[in-house]
Amino acid sequence: RAKASGKNDIRSFTPELAEKARERLSLETDLRYAMQRQELQLYYQPIIDLQTLQTIGHEALLRWIHPERGFIPPDRFIPVAEESGLITALGAWVIHEACRQNAEWQRAGRRAVRVAVNISMIQFATSNFVDTVKSALHESGLGVEWLELEVTESVVMHDVKMVTERLTELRELGVRVSIDDFGTGYSSLKYLQELPIDTLKIDRSFVNTIQKDAQEAPLVKTIILMAQSLGLNVIAEGVETIFQQEYLQSLGCSEAQGYYFSRPLPASQL
Ligand code: C2E
Ligand code: MG
Ligand code: MG
Ligand code: MG
């Protein structure tokens, strides 16, 4: 790697920037082939009903096992997919595959549960997004009530008019929608009340404040109370201990997911 030749020499930064750009481009190129080469796979993390402790759904989480680099986490390649426009095709594959798998489980005689699919903002904003959802439901034969879409708070605050229209269309179709990573963004509470959504998912960083030695977790309490008063379902993300489970149960939180119950697993291992 070239060393900086002088403090104010702009060229001294070039090798590093060029390397970053190369890295990104090579990820992008590889991502284009990853689907065809079957390097992409959905893992599923159970979502637990806190009253019955039964699994009532699974969140589909995308995994990329690169032939040379090994496991690449979604937080690294989803942004590349978004910037390159690949997210539309990739996201459509995820919805189709998640619906197909869930329908297959139901046909095999398993108790019916929901499947939750993460939707990127760029994907959500494309004009044919709702058609993609319809075609995934149609091709898989999955009942619409078994599909839930997860959008982050930033999506929701992106373009209020577009988002409201799209959510309304999805609601009319009968698809459930949840707000992911709730509490980390900047939702206007008034707006939240008006949106046709079903569920708030409390971000892991809040659930993590539920600790034995800590007094209480005021933000977790507040989010659960708010969800209840808005008539929304509430899911706690990132539950790692029985203490957290019991605390959430005592607050009346309806559902939870996290390593305490199960890590995300390939379909064959669930
Ligand atoms: P997310 O939707 O908030 O997913 C939850 C993340 O928390 C997952 O990380 C999951 O593995 C992790 N997790 C679950 N329980 C625990 C726990 O108890 N402790 C800890 N420390 N972590 C836990 P993952 O799979 O790495 O996914 C990261 C993010 O990537 C997701 O956050 C989601 O925003 C995005 N993502 C994943 N799959 C897709 C996809 O198919 N499409 C899109 N657009 N985004 C996706
Ligand atoms: Mg999610
Ligand atoms: Mg989340
Ligand atoms: Mg997230």
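Our structure's up above, just so we're on the same page.
This write-up is about the structure you can find in this document. (Residues numbered from 1 in each chain as written. Chains lettered and ligands numbered in written order. Predicted model: local features only at pLDDT ≥ 70, side-chain atom pairs only at ≥ 80, totals over all residues. Heavy atoms only, no water.)

Let us now look at the overall build of the protein. A count of helical and extended segments in the protein gives eleven helices and ten strands. For a compact globule of 270 residues, the expected C-alpha radius of gyration is about 18 Å, and the protein comes in at 20 Å, within 12% of that figure. For the protein, the C-alpha atoms occupy an extent of roughly 65 × 50 × 40 Å along the three principal directions. In the protein, once contacts between residues fewer than 6 apart in sequence are set aside, the share between residues at least 24 apart is 68%. (Helix = DSSP H or I, 4+ residues; strand = E, 2+ residues; numbered from the N terminus. Rg over C-alpha atoms; globule rule 2.2 N^0.38 Å. Contact = heavy atoms within 4.5 Å.)

Attention now moves to the packing of aromatic side chains. Centre-to-centre distance and the angle between the planes together describe a pair of aromatic rings. Taken as a whole and judged by the stated rule, the model has four aromatic pairs. With 5.5 Å between their ring centres and 50 degrees between their planes, phenylalanine 124 and phenylalanine 129 make a pair best called tilted. The exposure class of phenylalanine 129 is buried, given its relative accessible area of 2%. The ring of tyrosine 43 has arginine 63 sitting right over it, with the charged end atom 5.6 Å from the ring centre. (Phe/Tyr/Trp six-rings, centres within 6.5 Å; stacked < 30°, edge-to-face > 60°. Buried < 20%, exposed > 50% of the residue type's maximum accessible area, 1.4 Å probe, protein only. Lys NZ or Arg CZ within 6 Å of the ring centre and 35° of its normal.)

Of note, asparagine 102 is situated in helix H3 (residues 87–107). If sequence neighbours within four positions are ignored, asparagine 102 has contacts with Val113, Arg114, Val115, Leu142 and Trp146.

Here we come to the pattern of salt bridges. A complete count under the given rule lists 16 salt bridges for this structure. As a salt-bridge pair, glutamate 150 and lysine 201 come within 2.6 Å of each other at their nearest N and O atoms. Residue glutamate 150 is located in strand E5 (residues 147–152), and its partner lysine 201 is located in strand E7 (residues 199–202); the two are separated by 51 residues in the primary sequence. (Salt bridge = Lys/Arg side-chain N within 4 Å of Asp/Glu carboxyl O.)

This paragraph deals with the pairing of E7. Residue alternation in E7 divides its side chains into two sets, Thr199 and Lys201 and Leu200 and Ile202, and both sets are buried. Bridge analysis of strand E6 (residues 176–182) against E7 gives three bridges, and the strand direction is parallel. Its bridge partner being in E7, phenylalanine 182 is matched across the sheet by isoleucine 202. The parallel pair E6 and E7, bridged by helix H8 (residues 189–194), forms a crossover whose chirality is right-handed. Where E7 lies against strand E8 (residues 233–236), four bridges are found, and the strand directions are parallel. Looking at E8, one finds that leucine 200 is bridged to valine 234. (Pairing = 2+ DSSP bridges. Right-handed = clockwise from strand over helix to strand, strands pointing away.)

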